[in-house]
Amino acid sequence: EAGVAQSPRYKIIEKRQSVAFWCNPISGHATLYWYQQILGQGPKLLIQFQNNGVVDDSQLPKDRFSAERLKGVDSTLKIQPAKLEDSAVYLCASSPPLAVVQETQYFGPGTRLLVL
Amino acid sequence: QKEVEQDPGPLSVPEGAIVSLNCTYSNSAFQYFMWYRQYSRKGPELLMYTYSSGNKEDGRFTAQVDKSSKYISLFIRDSQPSDSATYLCAMTDSNDYKLSFGAGTTVTVRA
């Protein structure tokens, strides 16, 4: 079974530029998550999708971050404009339909973003 | 105060030693407790999962939960260099299953 795919793996941009990350979840997984992991910290949930719909985006900085999941499969996370404090690893995770908590989430390798 | 506190280490042990990791938390509603392992440049992967209080053993790994003290532990017996990674604790309540992570403890097992 193929895992969660993310691209690009690394991105370096200057502040005030925009950037987009892409995630392809495990086939058949209905729930998709985007996390931000700042160096030395645990992942922080930015947004959770259930199929096409947003379940939780309470910690997404909506003035600069946006995410979409068209057709309930792939997802993109965008930052516009980027700030220095956005430097982090952006992790995508997915979980199967009707997952109980112990089915938990399968994480991709992440995209490392450096904002200069 | 953070919802989940975890000593970031780093922790360096010789091969064969017992590794002891722990987290404390403040939210008494947490019911499900997990340990994730994260290798360098990789995403976290689930290592152990425990519901409510008690112990769970899986090979060389033992997870313990003490809800009365709001304290969870992970023990790694007979540690191997391949156990070198960052270990993240995570927990959630029974309502929305949103995970709250600790900061992670970086462990190095020296051959």
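Scroll up to find the structure this text is about.
These notes cover the structure that comes with them. (Residues numbered from 1 in each chain as written. Chains lettered and ligands numbered in written order. Predicted model: local features only at pLDDT ≥ 70, side-chain atom pairs only at ≥ 80, totals over all residues. Heavy atoms only, no water.)

**Focus on unusual backbone geometry**
What you tend to see is this: most non-glycine residues have negative phi, and most peptide bonds are trans. Residue and element names in this part refer to chain A. With omega at -10 degrees, the peptide bond leading from Ser7 into Pro8 counts as cis. Omega for the bond connecting Gln80 with Pro81 falls within 30 degrees of zero, at -5 degrees, which places this linkage in the cis form. When you line up the elements, Pro81 lands in the loop between strand 8 (75–79) and strand 9 (88–95). For Asn51, which is not glycine, the phi dihedral falls at a positive 55 degrees. Here the phi dihedral of Lys71 falls at roughly 60 degrees; this positive angle occurs in a residue that is not glycine. Turning to its location among the elements, Lys71 is positioned in the loop between strand 7 (65–68) and strand 8. (Helix = DSSP H or I, 4+ residues; strand = E, 2+ residues; numbered from the N terminus.)

**Focus: the pattern of salt bridges**
Applying the stated rule across the entire model yields 6 salt bridges over all chains. Residues Lys62 of chain A and Asp57 of chain A are paired through a salt bridge, measuring 3.7 Å at the closest nitrogen-oxygen approach. Judged by its relative accessible area of 27%, Asp57 of chain A is partly exposed. A salt bridge links Asp83 of chain B to Arg60 of chain B, with the shortest nitrogen-to-oxygen separation between them at 2.8 Å. Pair noted here: Asp83 of chain B is in the loop between strand 8 (71–76) and strand 9 (85–92) and Arg60 of chain B is in the loop between strand 6 (54–58) and strand 7 (61–66), with a separation of 23 residues, a long-range link. A relative accessible area of 2% places Asp83 of chain B in the buried class. (Salt bridge = Lys/Arg side-chain N within 4 Å of Asp/Glu carboxyl O. Buried < 20%, exposed > 50% of the residue type's maximum accessible area, 1.4 Å probe, protein only.)

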